[in-house]
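Coordinate analysis (summary)
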Amino acid sequence: QVQLVESGGGLVQAGGSLRLSCAASGSIFSNNIMGWYRQAPGKQRELVATITSGGSTNYADSVKGRFTISRDNAKNTAYLQMNNLKPEDTAVYYCKLDSGRFLKTSYWGQGTQLTVSS
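The sections below set out a description of the structure shown in this document. (Residues numbered from 1 in each chain as written. Predicted model: local features only at pLDDT ≥ 70, side-chain atom pairs only at ≥ 80, totals over all residues. Heavy atoms only, no water.)

1. Examining the overall build of the protein chain
- Within the protein chain, the secondary structure is distributed over zero helices and 11 strands.
- Going residue by residue from the N terminus, the α and β elements of the protein chain occur as β-β-β-β-β-β-β-β-β-β-β.
- Computed over the C-alpha atoms, the radius of gyration of the protein chain is 14 Å, within 12% of the 13 Å expected from 2.2 N^0.38 for a compact globule of 118 residues.
- By its C-alpha atoms, the protein chain is 45 × 25 × 20 Å across when sized along the principal axes.
- Each of the 118 residues in the protein chain was classed as buried or not, and the buried ones make up 42%.
- For the protein chain, the proportion of contacts with a sequence separation of at least 24, taken over those separated by at least 6, is 54%. (Helix = DSSP H or I, 4+ residues; strand = E, 2+ residues; numbered from the N terminus. Rg over C-alpha atoms; globule rule 2.2 N^0.38 Å. Buried < 20%, exposed > 50% of the residue type's maximum accessible area, 1.4 Å probe, protein only. Contact = heavy atoms within 4.5 Å.)

Below, the structure is given as structure tokens:
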């Protein structure tokens with residue numbers, strides 16, 4: 001069984017920084033993709049950033065230059081360093097793992113709340 005546990009959310013002021021962590025456990029293929037998604041009230045869940053096991057990254061335009069995704073392959077842990085936070089970043093942040101041999105299976109964490117006050 002694969003499980004993802006997010007941590008690090010909270011309440012911060014605009015302009016502040018926070019780092020989210022996502023610890024994956026279970027049977028995970030070495031070639032995988034981990035990512036962060038977020039969902040604000042009344043909004044569709046959107047991609048924030050992804051990172052492959054090889055280190056290739058992808059970011060949403062709204063967070064480029066402010067957020068950095070990284071990972072520790074040995075620990076199957078992903079991080080999201082968030083700088084210069086804006087009220088628009090307020091959302092529940094979810095960790096996602098895509099893992100599998102030929103057909104990838106998506107696994108989701110329970111989410112962690114980030115609230116950015118102005």
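2. Here's the deal with unusual backbone geometry
- Its identity as a non-glycine residue notwithstanding, Asn-76 has a phi of 50°, on the positive side.
- Note on placement: Asn-76 falls in the loop between β7 (67–72) and β8 (77–82).
- Looking at Asn-76, the relative accessible area reads 18%, which means it is buried.
- Phi at Asn-84 is positive, roughly 50°, even though this residue is not glycine.

3. Quick notes on the state of the cysteines
- Counted according to the given criterion, the structure contains one disulfide.
- The disulfide partner of Cys-22 is Cys-95, and the gap between their sulfur atoms is 2.0 Å. A torsion of -85° about the S-S bond marks the disulfide between Cys-22 and Cys-95 as left-handed. In this pair, Cys-22 is assigned in strand β3 (residues 18–25) and Cys-95 in strand β9 (residues 91–99), connecting sequence segments 73 residues apart. (Disulfide = S-S within 2.5 Å.)

4. Some points on the packing of aromatic side chains
- On inspection of all chains with the given rule, the structure shows two aromatic pairs.
- With a centroid separation of 5.1 Å and an interplanar angle of 65°, the aromatic rings of Tyr-37 and Trp-108 are classed as edge-to-face. On the criterion of sequence distance, the pair formed by Tyr-37 in strand β4 (residues 32–39) and Trp-108 in strand β10 (residues 105–108) is long-range, its members being 71 residues apart.
- Judged by relative accessible area, which is 13%, Tyr-37 ranks as buried.
- Given a relative accessible area of 35%, Trp-108 falls into the partly exposed group.
- Seen from their ring centres, Tyr-94 and Trp-108 are 6.5 Å apart, and the 80° between their planes marks the pair as edge-to-face. Of the two residues, Tyr-94 sits in strand β9 while Trp-108 sits in strand β10, which places them 14 residues apart along the sequence.
- Judged by relative accessible area, which is 14%, Tyr-94 ranks as buried.
- Among the aromatic residues, ring-to-ring pairing joins Tyr-37, Tyr-94 and Trp-108 into one connected group. (Phe/Tyr/Trp six-rings, centres within 6.5 Å; stacked < 30°, edge-to-face > 60°.)

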